[in-house]
Amino acid sequence: MALAIRVLDLLRVLSIVSFLVLLQFLQKTDAQVLIPQVPTLMKCKFDKIYQLGDSLSDTGNFIRESLVGAFSPFAKLPYGENFFQNESTGRCSDGLLMIDFIALECGLPLLNPYKDQNGNFTHGANFAVAGATALPAEIMAEKKISNSLTNSSLNVQLDWMSSHFKSACSTECSEDLKKALFLVGEIGGNEFNYGLLQGKPMEELRAMVPEVVQTIINAVKTIIGFGAVRIVIPGNFPIGCIPNLLTTFLTNNSTAYDYNHCLKDLNHLAILYNDHLQQVIQELKKGHPNIALVYGDYYNAYLWLLKNAASLGFDKNSLLKACCGIGEKYNYDKSRICGAPGLQICTDPSTYISWDGIHLTQQAYKWLARWLIDDMLPKLKCQA
C-alpha cells in the first residue's frame, strides 16, 4: 500500500514537472501569460480527465480511425506547426486546444486519444472525434444531412468510454471516477454546420435544437451512471463569427451583421441552442443535487475574446480572417483549404483567432481556456 502511494506521488510530481516544462515553452516575453504559476484547477485535485466531443477537442482520434482521417490535412503540417514538438498530432489547430490547457491547469499530462493503441490512459482519455455529431449517423441520414467525415457520433464515443472503463477497472469504476473531470463537448454544433452548408432552411435547423440537446443530456445521464460527479457541458460558439460561414453567407445587406461584423441570424441560432441547453442542464440539476453540472459558456468566452482581442495581442484587422487559407475578405476558400499545396500561412498565427477558417489558433484557445476556467471553477464545487 505504501509503495502504491509513493508511485502515485511520483506520477503527480512528474505531471507537475511536465506542466512546468510546457508552461515555460508557452510563456511570452510580453509578460502576458495565460496560465498562472500555480494552476488554479489543481485545487480540484482531479486525477483523470475524460473528453467527449468533436474537432474542438480531438487530440488524434480522427486521423487514426479511418483512411479518411489518416489522409486528411489534420494528419500533417502545417496543422500542429506550433505544437511544442512541432508535429501534427491530429489536433485541428496550429498547436494546443482548450482541453490541453485544461489538463495542464489540472497538473495532468495532455490527454491521449482513445484510438492511440500505445497511449497511456492513467490520467484519463480523449474520445472526441473531428467531424462528430451528437445525433447518431442514422438520424442524420433521416434528416438528409450528410457527414462524410465520421460516423463516430456521441453514442459511439459513449460506447468507447464504457469499453474503456470495463477494461481499465477490475471492479466498478464509480469510486475511481469521483476525482475525475468529464467534458461532454462541445458537441452538437456540427449538425447545424453541416445543415447550413448543405442548404437546410433556418426553420428546419431551429426545430432540431431540442433533439440535439436531449441527446447530449442523455449522454450526461449515462456518464453520471458511470460514476461521474463533476461534468462540464459546453455550449456553442457564436457561429456567425466563423470565417467559413461568413464566406458562405456573405451578403451586401449591412443589417445582416452585428457590431462585431458577425452574421446575426447564425448567432441567433447558436443562442437558441445554448439557451435550450442551459435550461435542460438546470432541470437535470434538480434530480442530481450532489453532482456538479457546469455549463461551459463558449459563446460569451468568444465574445470576450473579440472584445479584448487587441489588448491580448491579436491583429484587430484580422479578427474574422483565417491565418491558414486564401480568399479576399475572410481568407477562406472551401476549394483551397488549409493544407492545400502552395497555400500561404500568416506570418504570426498568435495574432489570429481563426487558424483555418473553421478552427482556432493555439493562442485563441489559450485565452478562451483562461476565461472558461475562471468562469467554471467556482461551479465545480472543488474544496479549497
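Up top is the structure.
Residues numbered from 1 in each chain as written. Predicted model: local features only at pLDDT ≥ 70, side-chain atom pairs only at ≥ 80, totals over all residues. Heavy atoms only, no water.

(A) Focus on the environment of V129. Among the secondary structure elements, V129 is positioned in the loop between β2 (124-126) and α5 (137-142). Dropping the residues within four chain positions of it, V129 is found in contact with G53, D54, S55, D58, N61, F62, E65, T150, S152, Q157 and W160. (Helix = DSSP H or I, 4+ residues; strand = E, 2+ residues; numbered from the N terminus. Contact = heavy atoms within 4.5 Å.)

(B) How the structure looks around helix α11 (residues 298-308). Here α11 has its buried residues at Y298, Y299, A301, Y302, L303, L305 and L306. Elements in contact with the buried residues of α11: α4 (98-105), β4 (230-234), α10 (264-287), β5 (292-296) and α12 (362-376). (Buried < 20%, exposed > 50% of the residue type's maximum accessible area, 1.4 Å probe, protein only.)

(C) Spotlight on the nonpolar core. By size, the foremost hydrophobic cluster in this structure holds 119 residues, and its most contacted members are I49, F182, I216, I223 and I231. The leading source of residues in this core is helix α8 (residues 202-226), at 12 residues. Leave out the neighbours within four places in its chain, and I231 touches F182, V184, V220, I223, I224, I291, A292, L293 and V294. (Core = buried A, V, L, I, M, F, W, Y, C linked by side-chain atoms within 4.5 Å.)

(D) Structural context of the packing of aromatic side chains. Summed over all chains, the structure comprises 14 aromatic pairs. Ring centres of Y50 and F165 lie 5.1 Å apart, and the angle between their planes is 85 degrees; on these two criteria the pair is classed as edge-to-face. With Y50 in strand β1 (residues 48-52) and F165 in helix α6 (residues 154-168), this residue pair connects regions lying 115 residues apart in the sequence. Per residue, the accessibility class of Y50 equals that of F165, and both read buried. Members of the aromatic cluster, connected to one another through ring pairs, are Y50, F165, F182 and F226. (Phe/Tyr/Trp six-rings, centres within 6.5 Å; stacked < 30°, edge-to-face > 60°.)

(E) Spotlight on the pattern of salt bridges. Under the definition given, this model contains eight salt bridges. Among the salt bridges present, the one from D47 reaches K48, with a minimum N-O distance of 3.5 Å. A salt bridge links D375 to K379, with the shortest nitrogen-to-oxygen separation between them at 3.2 Å. We classify K379 as partly exposed; its relative accessible area is 41%. Here the salt bridges do not stand alone but share partners, grouping E105, R370 and D374 into one network. (Salt bridge = Lys/Arg side-chain N within 4 Å of Asp/Glu carboxyl O.)

(F) The arrangement of the state of the cysteines in detail. For the structure shown, the criterion picks out four disulfides. The residue that forms a disulfide with C241 is C262, at a sulfur-sulfur distance of 2.1 Å. Negative torsions about the S-S bond denote left-handed disulfides, and the value of about 110 degrees found for C241 with C262 makes this one right-handed. Here C241 is found in the loop between β4 and α9 (243-248), whereas its partner C262 is found in the loop between α9 and α10, with 21 residues between them in sequence. Each member of the pair, C241 together with C262, is buried. Across the disulfide, C323 is cross-linked to C346 (sulfur-sulfur distance 2.0 Å). Of note, the bridge from C323 to C346 carries an S-S torsion of about -90 degrees and is left-handed in sense. (Disulfide = S-S within 2.5 Å.)

(G) Quick peek at the packing of α8 against α10. Packing of α8 against α10 brings their axes to within 10 Å, and their N-to-C directions diverge by 30 degrees. On the basis of the axis angle, α8 is roughly parallel to α10. Every pair of crossing elements has a handedness; the one defined by α8 and α10 is right-handed. On α10, the residues touching M202, L205, R206, V209, P210, V212, V213, I216, I217, V220 and K221 of α8 are D265, L266, H268, L269, L272, Y273, H276, L277, V280, I281 and L284. When its residues are assigned to classes, the contact of α8 with α10 shows 17 nonpolar, two polar and three charged. (Axes fitted to C-alpha atoms, helices over the stretch in contact; angles between N-to-C directions. Parallel < 35°, antiparallel > 145°, perpendicular 65-115°, else oblique. Left-handed = near helix turned anticlockwise from the far one by under 90°. Nonpolar A, V, L, I, M, F, W, Y, C, P; charged D, E, K, R; others polar.)

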